[in-house]
Each structure stands twice: as C-alpha cells, then as structure tokens.
Amino acid sequence: QMQLVESGGGLVQTGGSLKLSCAVSGRPFSIYVMGWFRQTPGKEREFVASISPNGGRTYYADSVKGRFTISRDNAKSTLYLQMNSLKLEDTAVYYCNAVSSSNYRTSLFGSWGQGTQVTVSS
C-alpha cells in the first residue's frame, strides 16, 4: 500500500498563506500522478490540484486557480501545496493521494492518510 502523511496545516487569516506537505512511502513515488483533495463536514471530498510524475504538468480546480501551486520533490518522495490568498471557503481537511493518469483528478487508491486541517478565519 501507499502510505501518506500530510502536514503543514494550521489556523490562518483570510489573505494569508500556508504550505502543506505530503510524505509518501510504500510505493515508488516518482511514477505516480499525485494530487491534493479536501473535505469539509457534510460535503464530499473534492479535487484541488494534481501534478504529473515529473512535475511538468499541473491541474487545478477552478476555485483555487491562481492562488494555489502544487509541486513535488521526487528525491524526497514529497508532494507540496503552496496556498496563497486564502479564503474562508478554503477551510477543510486536506488530503493527498495518487491520481489517475487518465483524468488527473480522480484518486487512485482507496486508502487515505489522516489529512491536515486548514482553518481560515476572518
């Protein structure tokens, strides 16, 4: 199985920034499209961003385009999400996972990490 450990979440004010990390193990990180997802109580998990194995292609949900940047360091088997200009609507638990190389927005594995909480306040 792929082990996923998210970190970097916290409490920030609107307009602030935060950088999330996802440490991956158990599978060869560099061969997978990877992505970030988020979920709030009462809502289904939604796609946020994804990145190709070599980092050359990225995709973002319309709600975060221009504000979030996904990146990866294959040597460290780590995925990142730089979040800027945070809004109240960004409040959620953020998760990472491998992503389908066919659509770049569907999670590949059914097992998820613990996630990291991001809370944006005014």
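For the structure, check the block above.
Residues numbered from 1 in each chain as written. Predicted model: local features only at pLDDT ≥ 70, side-chain atom pairs only at ≥ 80, totals over all residues. Heavy atoms only, no water.

Student: Sorry, what's going on with the pattern of salt bridges here?
Tutor: Once the charged atoms of two side chains with opposite charge are near each other, the side chains can pair. All told, the structure shown has 4 salt bridges when counted by the stated rule. Across the salt bridge formed by E46 and R38, the nearest N and O atoms sit 2.7 Å from each other. The salt bridge involving D62 is made with K65; its shortest N-O contact spans 3.0 Å. Assessed through its relative accessible area of 65%, D62 is described here as exposed. (Salt bridge = Lys/Arg side-chain N within 4 Å of Asp/Glu carboxyl O. Buried < 20%, exposed > 50% of the residue type's maximum accessible area, 1.4 Å probe, protein only.)

Student: Honestly, the environment of L81 in this entry has me stumped. Any pointers?
Tutor: Position of L81 among the secondary structure elements: in strand β8 (residues 78–83). In this structure the C-alpha to C-alpha distance between L81 and L11, which are 70 residues apart in sequence, comes to 16 Å. If we ignore the near neighbours within four places in the chain, the residues touching L81 are L18, K19, L20, W36, V48, A49, F68, T69, I70 and Y94. (Helix = DSSP H or I, 4+ residues; strand = E, 2+ residues; numbered from the N terminus. Contact = heavy atoms within 4.5 Å.)

Student: Mind showing me how you'd approach the state of the cysteines here?
Tutor: According to the stated counting rule, one finds 1 disulfide in the structure shown. C22 shares a disulfide with C96; S-S distance 1.9 Å. Taking the torsion about the S-S bond as the criterion, the C22 to C96 disulfide, at about 65 degrees, is right-handed. Pair noted here: C22 is in strand β3 (residues 18–25) and C96 is in strand β9 (residues 92–99), with a separation of 74 residues, a long-range link. Each of the two residues, C22 as well as C96, counts as buried. (Disulfide = S-S within 2.5 Å.)

Student: Got a minute to help me understand the nonpolar core in this structure?
Tutor: The tendency in soluble globular proteins is for nonpolar side chains to be buried side by side. With 34 residues, the main nonpolar core has M34, W36, L79, L81, M83 and Y94 as its most contacted residues. If you list the elements that add at least two residues to this core, you get β3, β4 (33–39), β5 (46–51), β7 (68–73), β8, β9 and β10 (116–121). If you tally residues by element for this core, the top one is β9, at 5 residues. Here M83 is in contact with G16, S17, L18, L20, R67, F68, Y94 and V118, once residues within four sequence places are set aside. (Core = buried A, V, L, I, M, F, W, Y, C linked by side-chain atoms within 4.5 Å.)

Student: Looking at this structure, how should I read the sheet that holds strand β1 (residues 3–7)?
Tutor: Sheet strands line up and pair through hydrogen bonds in the backbone, either parallel or antiparallel. Taken together, the 4 strands give an open sheet; going across it, the order is β1-β3-β8-β7, and neighbouring strands pair in antiparallel fashion. Edge positions in the sheet fall to β1 and β7, since each of these pairs with one other strand and no more. On average, each strand axis in the sheet is inclined to that of its neighbour by 15 degrees, with strand direction left out of account. In terms of strand pairing, β7 meets β8 through 6 bridges, oriented antiparallel. Counterpart to D73 in the pairing with β8 is T78. (Pairing = 2+ DSSP bridges. Axes fitted to C-alpha atoms, helices over the stretch in contact; angles between N-to-C directions.)

Read these as spatial facts, not as claims about activity.
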